[in-house]
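# Architecture at a glance
Spelled out from the first residue to the last, the chains are:
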Amino acid sequence: MNHLAHVFLAPDSPEARVGSILGDFARGVDLAKLPELVQAGVRHHRAVDGFTDQHPEVLASKACFSRERRRFAGVALDILYDHYLLRHWQRFSHADRDTFVHNIYGELRNYEHLMPPSMVKVTRRMVGHDWFGAYEDFESIGYALDRVAGRIRFPNQFSGIIDEIRANDVELETRFLSFFPDLQTFAGDI
């Protein structure tokens, strides 16, 4: 899952939501020195990722991608799932979507002291460029995925993966809508 889905599913505290993103930045971080709620958010992140990686609908979604791009299908799905979550927000939450996103951005600014420098750098860009809002737009997803492709340190076929997403959008969205309620239930029970 990507950042929006992680904070959406995280335990209901700012520290746990920060921890839910910190899960992607925890390498080299002494988690034991962080508050327990942040640690809980990191553990939650890891459990959500583990559940996601094994779910039959996610595995079937990865199979929609060409052999050349399947290696990166998980990365593409992470970002795409944030798009689908935004698209179907009212199906999964009674909270106002824009208010939720605004509050998350505020928490990220207010809790930078709990983040490693690499995470501070990313979350400042996330907030400054409204990544969550941008994920509502399909073209922005393509741009984000191409930026990820540009950061891969070896030759790859990842760039342009949005074309395969477009070609399989109906199936990918249907599979997400089947998968995400299972993930919500799992995440709520952690």
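The preceding data block contains the structure.
Computed from a predicted model, the values in this text were never measured in an experiment.

## Thoughts on helix 12 (residues 169-189)
Taking 1.5 Å per residue as the helical rise, helix 12 with its 21 residues ought to reach 30 Å, and the 30 Å between its terminal C-alpha atoms agrees with that figure. At Phe179, helix 12 shows its maximal kink, close to 25 degrees; a proline, Pro181, follows between one and four residues later. Taken as a whole, helix 12 has its buried residues at Asp169, Leu172, Glu173, Phe176, Leu177, Phe179, Phe180, Leu183 and Ala187.

## What about the side chain of Glu164?
Along the polypeptide, Glu164 turns up in helix 11 (residues 162-167). Overall, Glu164 belongs to the buried group, its relative accessible area being 14%. At 2.7 Å, the side chain of Glu164 forms a polar contact with the side chain of Ser66. A polar contact of 2.9 Å, which involves the side chain of Glu164, links it to the side chain of Arg69. Sequence-distant contacts of Glu164, defined by excluding residues within four places in its chain, comprise Phe65, Ser66 and Arg69.

## A word on the packing of helix 3 (residues 36-54) against helix 12
The relative placement of two packed helices comes down to the angle between their axes together with the axis-to-axis distance. Running from N to C, helix 3 and helix 12 point in directions that differ by 145 degrees, and their axes come no closer than 10 Å. For helix 3 against helix 12, the interelement crossing comes out right-handed. Here helix 3 contributes His44, Ala47, Val48, Phe51 and Thr52 to the contact with helix 12, which in turn contributes Phe179, Asp182, Leu183, Phe186 and Ala187. Here the contact of helix 3 with helix 12 is built from residues that sort into seven nonpolar, two polar and one charged.

## Examining helix 3
For an α-helix, 3.6 residues make a turn, and residues three or four places apart therefore share a direction. Over its 19 residues, helix 3 extends 27 Å from the first C-alpha to the last, a length consistent with the 27 Å expected when each residue adds 1.5 Å. Along helix 3, the positions that sit buried rather than exposed are Val38, Gln39, Gly41, Val42, His44, His45, Val48 and Thr52. Each element contacted by the buried residues of helix 3 is listed here: helix 1 (3-9), helix 2 (14-22), helix 4 (56-62) and helix 12.

What counts, and where the lines are drawn
- Residues numbered from 1 in each chain as written.
- Predicted model: local features only at pLDDT ≥ 70, side-chain atom pairs only at ≥ 80, totals over all residues.
- Heavy atoms only, no water.
- Helix = DSSP H or I, 4+ residues; strand = E, 2+ residues; numbered from the N terminus.
- Expected span 1.5 Å × (residues − 1).
- Bend = angle between axes of the 7 residues up to and from the residue.
- Buried < 20%, exposed > 50% of the residue type's maximum accessible area, 1.4 Å probe, protein only.
- Polar contact = N/O pair within 3.5 Å; in protein donor to acceptor, adjacent residues only side chain to side chain.
- Contact = heavy atoms within 4.5 Å.
- Axes fitted to C-alpha atoms, helices over the stretch in contact; angles between N-to-C directions.
- Left-handed = near helix turned anticlockwise from the far one by under 90°.
- Nonpolar A, V, L, I, M, F, W, Y, C, P; charged D, E, K, R; others polar.

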